[in-house]
Amino acid sequence: MEMAEFPADATVDTAAPAEPMQLAQIEEKKPAEFKGFFEHGLDAKSRLFIPAKFREQLGPSFTLCFAPHVPALVLYPDEVWKEISERINASLFDEKMRKVQRRTMSSAFDIEADKQGRITIPAIFKRYAKLESACIISGAGRKVEIWNPDAWYEEFTRERSEERRVGKECRSRWSPYH
């Protein structure tokens, strides 16, 4: 195998790049993945501590809104909220999507944690999620949910019961012994 030769008039730039690339610039940012749960209390000023594990992934600002279909609140990182917003706003000719847009966008607020890692929960949000003193801050994939502990436990055990029922159905359908 012969080596290719440069043409006689070709020039090769041997100068080093002006600035070396930082490793952080090369690595792609991983999408947020929130998992686990914590229990913290609301203080007298309706402030709730968000665990550092979640704050790091949420970023310096994020979106707070009502959770759809359950009495809870949701915190979305900006990049996830942008995707949701674009999808909601893309289908304005569909009446159902206009209702989703109205409900979702009207309950969405940009929010930042204070220096102590707390966010202030507005009164209407506390009422929607039935938050009193204790709160469950739960990882839910690409978002964080804030629940009343009793409602969270009820939802969690209901879901587990449903998972067991579906699991039994699946096992009985696909089992070679049935």
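As the structure is a prediction and not an experimental result, all values here were calculated from the model. Each chain carries its own residue numbering, running from 1 in the direction its sequence is written. Per-residue local features of the predicted model are confined to residues with pLDDT of at least 70, and side-chain atom pairs are confined, for both listing and counting, to 80 or more; whole-chain, interface and lining totals are unaffected and use all residues. Note that the side-chain values use all heavy atoms of the structure and ignore hydrogens as well as water.

(A) The arrangement of the sheet that holds strand E8 (residues 144-147) in detail. Any two strands with at least two DSSP-identified bridges between them are counted as paired. Working definition: helices are DSSP H or I runs of at least four residues, strands are E runs of at least two. Numbering for both runs from the N terminus. A sheet is described by the order of its strands in space; here six strands give the open sequence E1-E7-E8-E4-E3-E5, paired in antiparallel fashion. Edge positions in the sheet fall to strand E1 (37-41) and strand E5 (109-111), since each has one partner strand and no second. Across the sheet, the mean angle from the axis of one strand to that of its neighbour is 25 degrees, orientation sign disregarded. Relative to strand E7 (residues 134-139), E1 is paired through five bridges, and the arrangement is antiparallel. Considered in E7, the bridge of glycine 41 is made with alanine 134. Contacts were defined at the residue level, with two residues in contact if any of their heavy atoms lie within 4.5 Å. The axes are straight lines fitted to the C-alpha atoms, using for helices just the contacting stretch, and the angles between their N-to-C directions are given from 0 to 180°. Of the strands in this sheet, strand E3 (62-66) and strand E4 (73-77) are in contact with helix H3 (residues 78-90), which crosses E4 at around 105 degrees.

(B) Spotlight on the environment of phenylalanine 37. Considering the arrangement of structural elements, one finds phenylalanine 37 in strand E1. Along the backbone, phenylalanine 37 and alanine 140 are 103 residues apart, and their C-alpha atoms lie at a distance of 9.1 Å.

(C) Structural context of the pairing of E4. Throughout, exposure labels follow a simple rule: accessible area from a 1.4 Å probe, protein chains only, divided by the maximum for the residue type, with under 20% read as buried, over 50% as exposed, and the rest as partly exposed. Taken across its five residues, E4 has five buried, putting it largely inside the fold. Neither face of E4 is left uncovered, since the one carrying Leu73, Leu75 and Pro77 and the one carrying Val74 and Tyr76 both have all their residues buried. Here E3 pairs with E4 via five bridges, running antiparallel. When the bridges of E4 are listed, cysteine 65 appears paired with valine 74.

(D) How the structure looks around the packing of aromatic side chains. Any pair of Phe, Tyr and Trp rings, taking the six-membered ring for Trp, is counted once the centres come within 6.5 Å. Such a pair is stacked with planes under 30 degrees apart, edge-to-face with planes over 60 apart, and tilted for the rest. Within this structure, the stated rule accounts for eight aromatic pairs. Their ring planes at 80 degrees and their centres at 5.6 Å tell us that phenylalanine 34 and phenylalanine 54 sit as a pair that is edge-to-face. Pair noted here: phenylalanine 34 is in the loop between helix H1 (23-26) and E1 and phenylalanine 54 is in helix H2 (residues 52-58), with a separation of 20 residues, a long-range link. Of the two residues, phenylalanine 34 and phenylalanine 54, both sit in the buried class. Arranged with centres 4.6 Å apart and planes meeting at 45 degrees, the rings of phenylalanine 37 and tryptophan 152 form a pair that is tilted. Here phenylalanine 37, found in strand E1, pairs with tryptophan 152, found in helix H6 (residues 149-174); they are 115 residues apart in sequence, far enough to count as distant. Taken together, the ring pairs connect Phe66, Phe109, Phe125 and Tyr128 into an aromatic cluster.

(E) Representation of the packing of H3 against helix H4 (residues 95-106) in the model. Viewed as axis vectors pointing N to C, H3 and H4 meet at an angle of 145 degrees, and their least axial separation amounts to 9 Å. Of the residues in H4, those in contact with Trp81, Ser85, Arg87, Ile88 and Asn89 of H3 are Met97, Val100, Gln101, Thr104 and Met105. The nonpolar class holds Ala, Val, Leu, Ile, Met, Phe, Trp, Tyr, Cys and Pro. Asp, Glu, Lys and Arg form the charged class, and all remaining residues, Gly among them, are polar. Its residues assigned to classes, the contact of H3 with H4 shows five nonpolar, four polar and one charged.

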